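Here is how the chains run, residue by residue.
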Amino acid sequence: MNVKILSSLLLMLVLGLPASAQWRVLKLDTQANFRAVHAPQPNVCWIGGSGGTVLRTTDGGEIWDIMKVRDADSLDFRGIYGFDRETAVAMSAGVAEQGKARIYRTEDGGDSWQLVYQTTQPGVFLDGVSFWNKKEGICFGDPVDGHFFILTTDDGGRSWQELPRDSRPVALEKEAAFAASNSSLLTVGKHQVFIGTGGAKMARVLRSDDNGRSWQVSETPLPAGPTSGIFGLQFWSNKHGIAVGGDYADVAKNTPNVLLTRDGGASWQLSSAMTPPGLKEAVGLFHSQFVNYAGGQRPTKHRYRLVAVGASGSGYSRDFGKTWAMFSEEPFHAVSFAGPAGYAVGGKGLVGKFERFPKERRKR
């Protein structure tokens, strides 16, 4: 089923927000819960949600396709990756024994979806999916038999292979990942990939420089526990990145929630706590110009901002995570930017389109 919705002034409402709102909240005909969003181009965005729901826009958010993937009504698509306006991969997070660990692919804008991977292997729970290019990709899940579950593809997601058990990262006791925003897994450049963890006595970052074939592990000072740890990752070069997190059982809890790295994820340091405080689930990178990024340093003459979202609200940084300011109060779970175009999603049909940053006072 494919429903077209025109988000004109009649259907695109600002829900009680002031005129200076940083997100334009869209009124769409869905109550699905969304935790996955990916914008491969400024005008193209894919969103994954509960009840087998997928959303797509190809005109910057004016018109949205609201789709129900066939035979997927019980699935929660918490991972999505769009290659372009026609092709995307959607991953469901759920208990494999109940038939909820699946990956679908479309090549016709969502008119049809092919089931390209499914497992009922005990213990499998998929957490995230991403790609380095149009062929090579990776998907991961919670530990099975003491090792994180890793899948790879070299044909654009048409087929998936399990990484051999001995090549997968070894997990700590009770360690897992959070399928909260599809950003606890992050691919960078041509070969790098990072995974942020929680659940155990410490939050860690797992990293690979060879497309997931081998792994190294970094301990971090971010607080972790059964409901806390790293939720989202973002890099702006192959050396510099950020990890954010918190506690989903107490989303307003004022604890350290920002880590920064300057050495490609080998070491991580706590930075200033987020404004607003509390759980942060994902970080988007605003870029004043859209360019296809293939690793290394991004152009320095362009303007950048980090936007972190979570159940306690959004914050933004002008200095790559060293300091933060309040951005908005909407409880978004996930965010994606393609250059200056940004999209954020949350529960009960919450979808936002980036409008502007707060006006910055000029120094005298």
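Data block above holds the structure.
Quick caveat, the model's predicted, so the values are computed rather than measured. (Residues numbered from 1 in each chain as written. Predicted model: local features only at pLDDT ≥ 70, side-chain atom pairs only at ≥ 80, totals over all residues. Heavy atoms only, no water.)

1. Let's talk about the environment of Asn-43
Mapped onto the elements of the fold, Asn-43 is located in the loop between β3 (34–41) and β4 (44–49). Asn-43 sits in the partly exposed class, given a relative accessible area of 44%. (Helix = DSSP H or I, 4+ residues; strand = E, 2+ residues; numbered from the N terminus. Buried < 20%, exposed > 50% of the residue type's maximum accessible area, 1.4 Å probe, protein only.)

2. Considerations on the sheet that holds strand β20 (residues 241–247)
Spatially, β19-β20-β21-β22 is the arrangement adopted by the 4 strands of the open sheet, whose pairing is antiparallel. Each edge of the sheet is formed by a strand with only one pairing partner; in this case those strands are β19 (228–235) and β22 (269–270). As paired elements, β19 and β20 share 7 bridges and run antiparallel to each other. The partner of Gly-229 across the bridge, within β20, is Gly-246. (Pairing = 2+ DSSP bridges.)

3. So, the sheet that holds strand β24 (residues 304–309)
Pairing in this open sheet of 4 strands is antiparallel, and the strands run β23-β24-β25-β26 from one edge to the other. Because the sheet does not close on itself, it has two edges, and the strands there are β23 (282–287) and β26 (325–328). Adjacent strand axes in the sheet meet at a mean angle of 30° when their direction is disregarded. Strand direction decides the pairing type here: β23 and β24, joined by 6 bridges, are antiparallel. Within β24, the residue paired with Ala-282 across the bridge is Val-309. (Axes fitted to C-alpha atoms, helices over the stretch in contact; angles between N-to-C directions.)

4. Focus on the pattern of salt bridges
Where side chains of opposite charge bring their charged atoms close, a pairing between them can arise. Tallied over the full model, the rule gives 10 salt bridges. For the salt bridge of Glu-62 with Arg-24, the shortest nitrogen-to-oxygen distance reads 3.6 Å. Taken together, the residues Glu-62 in the loop between β5 (53–57) and β6 (63–68) and Arg-24 in strand β2 (residues 23–26) connect sequence positions 38 residues apart. Judged by its relative accessible area of 33%, Glu-62 falls in the partly exposed class. In this structure, Asp-65 engages Arg-56 in a salt bridge whose closest nitrogen and oxygen atoms are separated by 2.7 Å. For Arg-56, a relative accessible area of 9% puts it in the buried group. What you see here is one network of salt bridges that share partners, running through Arg-24, Glu-62 and Glu-355. (Salt bridge = Lys/Arg side-chain N within 4 Å of Asp/Glu carboxyl O.)

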